[in-house]
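# Commentary on secondary and tertiary structure
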Amino acid sequence: MPSHPHLATSEWTLDYPPFFAWFEYILSHVAKYFDQEMLNVRNLNYSSSRTLLFQRFSVIFMDVLFVYAVHECCKCIDGKKVGKELTEKPKFILSVLLMWNFGLLIVDHIHFQYNGFLFGLMLLSIARLFQKRHMEGAFFFAVLLHFKHIYLYVAPAYGVYLLRSYCFTANKPDGSVRWNSFSFVRVISLGLVVFLVSALSLGPFLALNQLPQVFSRLFPFKRGLCHAYWAPNFWALYNALDKVLSVIGPRGFLRCLTLCALSSFMFGWHVHEKAILLAILPMSLLSVQKAGDASIFLILTTTGHYSLFPLLFTAPELPIKILLMLLFTIYSISSLKTLFRKEKPLFNWMETFYLLGLGPLEVCCEFVFPFTSWKVKYPFLPLLLTSVYCAVGITYAWFKLYVSVLIDPPVGKTKKQ
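Read on for a plain summary of the structure.

## Comments concerning the packing of aromatic side chains
All chains considered together, the criterion is met by 23 aromatic pairs. Ring geometry for F119 versus Y151: centroids 5.9 Å apart, planes at 80 degrees, classification edge-to-face. Pair noted here: F119 is in helix α5 (residues 115–130) and Y151 is in the loop between α6 (134–145) and α7 (155–167), with a separation of 32 residues, a long-range link. Accessibility classification places F119 together with Y151 in one group, the buried group. Each ring, one from F267 and one from W398, has its centre 5.7 Å from the other, and the planes form 80 degrees; the classification is edge-to-face. With a gap of 131 residues between them, F267 in helix α11 (residues 250–267) and W398 in helix α18 (residues 381–407) connect regions that are remote in the sequence. Take W398: its relative accessible area is 12%, and that puts it in the buried class. A cation over an aromatic ring shows up here: R186 above the ring of Y166, its NZ or CZ 4.6 Å from the ring centre.

Below, the structure is given as structure tokens:
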């Protein structure tokens, strides 16, 4: 591990925080029984059937944490009671939306990554905040940050919410904060949790005077991936500070967390397509509680998931990704429409027209364009069209969510009325 930050066998070598390196180290002790050659760090682009088998099983095994986190989140959701059928219950719908999320499924189980258990840590921390187990929520999120630093995007929402809901111990009758109820003991307790986790992660590298090298790996300016120092984090901080202090309760926290993630995705530098999942998954929890949030979720998840299509570009993967997305999208729309059937339609004519436009776009990009003369001259055109079309939908969802946060009354005042 001392050589961890100095390996340079690949431009992607060990650019995650130390906890993920330890995670890979533990996996290597199991991987050696499948194929010893996959452990050779200089064996770039190596592939074998046993390596693929190990990847599949290790991803599935780690998803146990994600399943548990979904279970905990479902216990926190009351939602609306519609009908007597199990399939119409908000908790059941939420479990399907999370467990069978199309984007997470293709990114982890086809594209082969370990995002499932990381999102599991995030959902578990959210569940603990819903359950008012704030110290546990802070601990899980601190651990998550030292597994993958992309979650810094939503750190402002966590920080401000914990300050508002845990460090201030009392509210005024109108729901605003009682400033003299500030608890220094609780602040110190939260700081101690973050410090101990950070010390465990970064302490060995600090002792070996390798901390600068670790940060150069985590924030490589030459690759344009230093998300923490660019505009999106200032946008995210603004979004969080703007409303979290005036919105009491976990639901307000969730909405601001989603805004942080979505703003960072939109304004980030060199953002990867899969980062949209950072907004889609927490938005799932909101979608089963309010019709307006369900509408935003469906627009965001449909366009966001379609934007992941270029990750699967081989011919055998084409019918798989189309079928899986159709199944997830049809279920999402039909189940949420059933849940909120007594309220106004989830889509207006413009939103319906836009979402239906994804069909002709897919036909043009996958079935028409390859047979045109433009394929040689403009090979980038399908990706360009997909990115631009999806950017319109994601921007619209972001704007609609932001407006709803601004105009919705604070939870405390709503209850008082």
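## Regarding the packing of α7 against α11
Look at α7 against α11: their axes get within 8 Å of each other, and the N-to-C directions meet at 155 degrees. With respect to their mutual orientation, α7 and α11 come out roughly antiparallel. Classified by chirality, the crossing of α11 by α7 is right-handed. Contact with α7, carried on its side by P156, A157, Y158 and Y161, involves P250, F253, C256, L257 and C260 of α11 and no other residues of that element. Tallied by class, residues from the contact of α7 with α11 come to nine nonpolar, no polar and no charged.

## A word on helix α4 (residues 102–109)
An α-helical segment advances 3.6 residues per turn. Residues three or four places apart therefore align on the same side. Across the eight residues that make up α4, a large majority, six, are buried. Taken as a whole, α4 has its buried residues at F102, G103, L104, I106, V107 and D108. The inward-facing, buried residues of α4 abut α2 (49–75), α5, α12 (277–287), α13 (291–306) and α14 (317–339). For α4, the N-terminal cap is N101; the gap from its side-chain oxygen to the backbone nitrogen of G103 is 3.1 Å.

## Observations regarding the state of the cysteines
Summed over all chains, the structure comprises zero disulfides. Not engaged in a disulfide, the cysteine C76 finds its nearest cysteine sulfur in C73; these two sulfurs lie 6.1 Å apart. With a relative accessible area of 18%, C76 lands in the buried category. C260 forms no disulfide, and the closest cysteine sulfur to it belongs to C256, at a distance of 7.0 Å. Looking at C260, the relative accessible area reads 0%, which means it is buried.

## Concerning a nonpolar patch on the surface
The grouping of W374, Y378, F380, L384, V388 and V392 at the surface amounts to a nonpolar patch, some 580 Å² of accessible area in total. No other element matches the three residues that α18 contributes to the nonpolar patch. Overall, the relative accessible area of 32% leaves Y378 in the partly exposed class.

## Details of empty space enclosed by the protein
This structure, assessed with the given rule, holds two cavities of 30 Å³ or more. Approximately 80 Å³ is the volume attributed to the largest cavity. Lining the largest cavity are N115, F119, K148, I150, Y151, K274, A275, L277 and L278. Listing elements by their share of the lining of the largest cavity, those giving two or more residues are α5 and α12. Considered class by class, the residues forming the lining of the largest cavity number six nonpolar, one polar and two charged.

## Concerning the packing of α2 against helix α3 (residues 90–99)
Contact pair α2 / α3: the axes reach a minimum separation of 10 Å and the direction vectors enclose 150 degrees. Between α2 and α3, the angle is such that the two are roughly antiparallel. Viewed along their axes, α2 and α3 form a crossing whose handedness is right-handed. Between α2 and α3, the contacting residues are F66, V67, V70, C73, C74 and K75 on the first element and K91, L94, S95, L98 and M99 on the second. A breakdown of the residues in the contact of α2 with α3 according to their chemical character gives eight nonpolar, one polar and two charged.

## Looking at the pattern of salt bridges
Considering all chains together, one arrives at nine salt bridges under this definition. Here E88 ties to R341 by a salt bridge, and the two come within 3.8 Å at their closest N and O atoms. Of the two residues, E88 sits in the loop between α2 and α3 while R341 sits in the loop between α14 and α15 (349–356), which places them 253 residues apart along the sequence. Between E136 and R128 there is a salt bridge, with the nearest N and O atoms lying 3.1 Å from each other. A residue is classified by how much of its surface remains accessible, and E136, at 32% relative accessible area, is partly exposed. Connected via shared salt-bridge partners are E72, K75, R128, R133 and E136.

Cut-offs applied
Residues numbered from 1 in each chain as written. Predicted model: local features only at pLDDT ≥ 70, side-chain atom pairs only at ≥ 80, totals over all residues. Heavy atoms only, no water. Phe/Tyr/Trp six-rings, centres within 6.5 Å; stacked < 30°, edge-to-face > 60°. Helix = DSSP H or I, 4+ residues; strand = E, 2+ residues; numbered from the N terminus. Buried < 20%, exposed > 50% of the residue type's maximum accessible area, 1.4 Å probe, protein only. Lys NZ or Arg CZ within 6 Å of the ring centre and 35° of its normal. Axes fitted to C-alpha atoms, helices over the stretch in contact; angles between N-to-C directions. Parallel < 35°, antiparallel > 145°, perpendicular 65-115°, else oblique. Left-handed = near helix turned anticlockwise from the far one by under 90°. Contact = heavy atoms within 4.5 Å. Nonpolar A, V, L, I, M, F, W, Y, C, P; charged D, E, K, R; others polar. Polar contact = N/O pair within 3.5 Å; in protein donor to acceptor, adjacent residues only side chain to side chain. Disulfide = S-S within 2.5 Å. Patch = residues over 30% accessible without salt bridge, like charges linked within 9 Å, V, L, I, M, F, W, Y side chains within 5 Å. Areas by Shrake-Rupley, 256 points an atom, 1.4 Å probe, with all protein chains shown as cover. Salt bridge = Lys/Arg side-chain N within 4 Å of Asp/Glu carboxyl O. 1 Å grid on protein atoms, 1.4 Å probe; cavity = no way out; pocket = protein on both sides within 12 Å on 5 of 7 lines; lining within 4 Å. Points joined across faces, edges and corners; volume = space filled by probe spheres on them.

Remember that the coordinates give geometry; whether it matters functionally is a separate question.
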